[in-house]
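Chain by chain, the residues:
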Amino acid sequence: MVITYYAVIKEKIPSNKHSRYCLNRRIQDTFLTDNKLNIMVLNCGQPLPLLSHTDVPARVLENYILTGYRFPNYSLRDCLLSAIRPTNETGNFWTHFLPLFIFFYYFVEVFDWEGAPHGAAPFFYPLWNYFIGVFCLLMASSMAHLLNSMSLVVREVCFFVDYGTISSYTVGSSLAYYYYIHPRAGIKHTEGQNGYHMDTKIEPASLISFYVIPDFCVFFETLYIPAACVVAIFCVLSCCNTRHRWRRHRYVIRTFVFLLPFLISSTPVFYRLLTRSPYSATSSSFETSTSTAGFFYRHCFWLLVSAVFNISKFPERLFPGSFDIWGHSHQWFHCCTFLSILDELNMIKTEVRAILLSQTLLLPPAILSRLPGPTIASTYGVMLLLQTTIVSIIVWFSWHANRIYGPERDELAKEHSKKPLKGH
């Protein structure tokens, strides 16, 4: 069924069944009288019609997606029910909602490892912040795709939140990298209530590692986390702006904008790959950490593939209309993004295990002391400050979006109130 939103009804779909029935009858009579389109009668309680690209506001159009668009102004109930109804957003929802459970399954394995402290121990603060970042990213993305048809204003807000959680995820990754893959990682713990202790004996001078270059120490110690936060904020601002400016190249801009936080947050990994390992070649930690490079290369590969899908709009570019419901580029983009996150999780877990296994590191405390252990302020505090800033940005852009689309929404509601529908 095809119903032109602006040209035909210009009214918000009522939430109660009787009014909806009356509106359906009115729509039916309009089109049957006009004799231009044949439509099916909309019965009460039936799903709202899906539309083609010619029958929805230009704001919601996706390149090369011709059908399967949801009716504007869905109620919350209609949005939730659309998760099990084939639309052009159904796959987008499930390709980030289901991975939540897969990620959680692999994440909790760490806490059952031999020698691991209690899950609430400070050692795991960075890991929990990483979990928060990934959880918010996957949940916000899936909900944005599920709920964005409630109104144009809600649609804008949904994707502003989506961009914000992507930035939060990059800082969560940076915190995990800082404490587990940092050039001076090997978090020093003293005997505490959980009974966890890491000993780092002093090596002879001949064995002192030149693993850490002083110039890089300055960056890692003083600039790495602040730089990750500043770049994350820049990304939120840039991506939110693409919803009002530079729309023709919005996918390219969003893709390359998030290349910058990847480069900044991955600095410890680049350093690890370009220099020697901080672990003794005869230690079990060294053997464990050798798989870090493989996981990181796969992480980069999946990010590259996801970027290609996001920019190229393949395969729907080649066959417009053939992949409207299943198999279009954004679904593949979601899948590849999650595979990259999964390899990143495996990389972080590998370094966590290496630290837990290490009793003797090549970085003598007398020469180059360990990183100070993670604290609530240096992990959760950083994320809270970042989230507060990002929420402020989202509120500002949402207010701006409401100024643009709010009058249109109010006008539709006003017209609806002036034209009461008769029951049949």
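Residues numbered from 1 in each chain as written. Predicted model: local features only at pLDDT ≥ 70, side-chain atom pairs only at ≥ 80, totals over all residues. Heavy atoms only, no water.

As for the pattern of salt bridges
- Overall, the coordinates contain six salt bridges when judged by the stated rule.
- We note a salt bridge from Lys349 to Glu109, for which the minimum N-O separation is 2.8 Å. Of this pair, Lys349 sits in helix H13 (residues 329-357) while Glu109 sits in the loop between helix H4 (90-107) and helix H5 (125-147), and the two are 240 residues apart along the sequence.
- Taking the shortest distance from any N to any O, the salt bridge between Asp343 and Arg298 comes out at 2.7 Å. Note that Asp343 is positioned in helix H13 and Arg298 in helix H12 (residues 292-312), a separation of 45 residues in sequence.
- Classification of Asp343 as buried rests on a relative accessible area of 3%.
- Each of Arg59, Glu156 and Arg243 takes part in a single network of salt bridges with overlapping partners. (Salt bridge = Lys/Arg side-chain N within 4 Å of Asp/Glu carboxyl O. Helix = DSSP H or I, 4+ residues; strand = E, 2+ residues; numbered from the N terminus. Buried < 20%, exposed > 50% of the residue type's maximum accessible area, 1.4 Å probe, protein only.)

What to know about the nonpolar core
- Membership of the largest hydrophobic core comes to 83 residues, with the highest contact counts inside it found for Phe103, Phe124, Tyr130, Tyr180, Ile348 and Val352.
- By residue number, the principal contributor to this core is helix H6 (residues 152-180), which donates 14 residues.
- Residues within four places of Tyr130 in sequence aside, it is in contact with Phe103, Tyr169, Gly172, Ser173, Ala176, Ile341, Glu344, Leu345 and Ile348. (Core = buried A, V, L, I, M, F, W, Y, C linked by side-chain atoms within 4.5 Å. Contact = heavy atoms within 4.5 Å.)

Brief notes about H13
- Relative to the 42 Å expected for 29 residues at 1.5 Å per residue, H13 spans 42 Å between its end C-alpha atoms, a close match to the ideal helical length.
- Within H13, 24 of the 29 residues are buried, which leaves the element mostly enclosed by the surrounding structure. (Expected span 1.5 Å × (residues − 1).)

What to know about a nonpolar patch on the surface
- Together, Val252, Phe256, Leu259, Leu263 and Ile311 give the surface a local cluster of nonpolar side chains, amounting to about 400 Å² of exposed area.
- Mapped by element, the contributors of at least two residues to the nonpolar patch are helix H8 (250-257) and helix H9 (259-265).
- With respect to the secondary-structure elements, Val252 resides in helix H8. (Patch = residues over 30% accessible without salt bridge, like charges linked within 9 Å, V, L, I, M, F, W, Y side chains within 5 Å. Areas by Shrake-Rupley, 256 points an atom, 1.4 Å probe, with all protein chains shown as cover.)

Describing unusual backbone geometry
- At the junction of Phe314 and Pro315, the peptide bond is cis and its omega measures out at 15° in the coordinates.
- Position of Pro315 relative to the elements: it lies in the loop between H12 and H13.
- Non-glycine residue Tyr64 carries a positive phi angle of around 70°.
- Considering the arrangement of structural elements, one finds Tyr64 in the loop between helix H2 (17-34) and helix H3 (76-81).
- We classify Tyr64 as partly exposed; its relative accessible area is 29%.

A short note on the packing of aromatic side chains
- Summed over all chains, the structure comprises 33 aromatic pairs.
- Geometrically, the ring pair formed by Trp94 and Phe97 is edge-to-face, given 5.8 Å between the ring centres and 80° between the ring planes. Of this pair, Trp94 and Phe97 both sit in helix H4, three residues apart, which is roughly one turn of that helix.
- A residue is classified by how much of its surface remains accessible, and Trp94, at 29% relative accessible area, is partly exposed.
- Taken together, the aromatic side chains of Phe103, Phe104, Phe107, Phe111, Phe123, Phe124, Trp128, Tyr130, Phe131, Phe135, Tyr169 and Tyr180 make up a single cluster linked through ring pairs.
- Above the ring of Tyr251, the side-chain terminus of Lys313 is found at 3.6 Å from the ring centroid.
- Sitting over the face of the ring of Trp113, Arg353 holds its NZ or CZ atom 3.9 Å from the ring centroid. (Phe/Tyr/Trp six-rings, centres within 6.5 Å; stacked < 30°, edge-to-face > 60°. Lys NZ or Arg CZ within 6 Å of the ring centre and 35° of its normal.)

A few points about the environment of Ile225
- For Ile225, the position within the fold is in helix H7 (residues 214-241).
- For Ile225, a relative accessible area of 13% puts it in the buried group.
- Residues Ile225 and Tyr178 lie 47 residues apart in sequence; the distance between their C-alpha atoms is 7.9 Å.
- Setting aside residues up to four positions removed in sequence, Ile225 forms contacts with Ser174, Leu175, Tyr178 and Val382.

Re the confidence of the model for the chain
- Summary statistics for the chain give a mean pLDDT of 80 and a share of 74% for residues scoring 70 or more.
- Mean pLDDT in the chain bottoms out at helix H1 (residues 5-9), which sits at 40, and peaks at H4, which reaches 98.
- Every residue in residues 419-424 scores below 50 in pLDDT, and together they form 12 contacts with partners more than four places removed in sequence or on other chains. (pLDDT = per-residue confidence, 0-100.)

Observations concerning the packing of H12 against H13
- Taken N-terminus to C-terminus, the directions of H12 and H13 make an angle of 165°; their axes are 8 Å apart at the nearest point. Overall, the two elements H12 and H13 adopt an arrangement that is roughly antiparallel. H13 is crossed by H12, and the crossing has left-handed handedness.
- Of the residues that constitute the contact of H12 with H13, the class distribution is 12 nonpolar, 10 polar and four charged. (Axes fitted to C-alpha atoms, helices over the stretch in contact; angles between N-to-C directions. Parallel < 35°, antiparallel > 145°, perpendicular 65-115°, else oblique. Left-handed = near helix turned anticlockwise from the far one by under 90°. Nonpolar A, V, L, I, M, F, W, Y, C, P; charged D, E, K, R; others polar.)

Comments concerning the side chain of Asn241
- Relative to the elements of secondary structure, Asn241 occurs in helix H7.
- When neighbours within four sequence positions are excluded, Asn241 is seen to be in contact with Trp246 and Phe397.

Topic: the packing of H4 against H13
- At a minimum axis separation of 9 Å, H4 and H13 run at an interaxial angle of 10°. Compared by their axis directions, H4 and H13 come out roughly parallel. On H13, the residues that touch Gly91, Asn92, Thr95, His96, Pro99, Ile102, Phe103, Tyr106 and Phe107 of H4 are His330, Gln331, His334, Cys335, Thr337, Phe338, Ile341, Leu342, Leu345 and Lys349.
- The class makeup of the residues in the contact of H4 with H13 is 10 nonpolar, eight polar and one charged.

Section: H8
- Residues of H8 that are buried: Arg250, Tyr251, Arg254, Thr255 and Val257. Projected down its long axis, H8 carries its buried residues within an arc of 165°, all on one side. (Arc of directions from axis to C-beta.)

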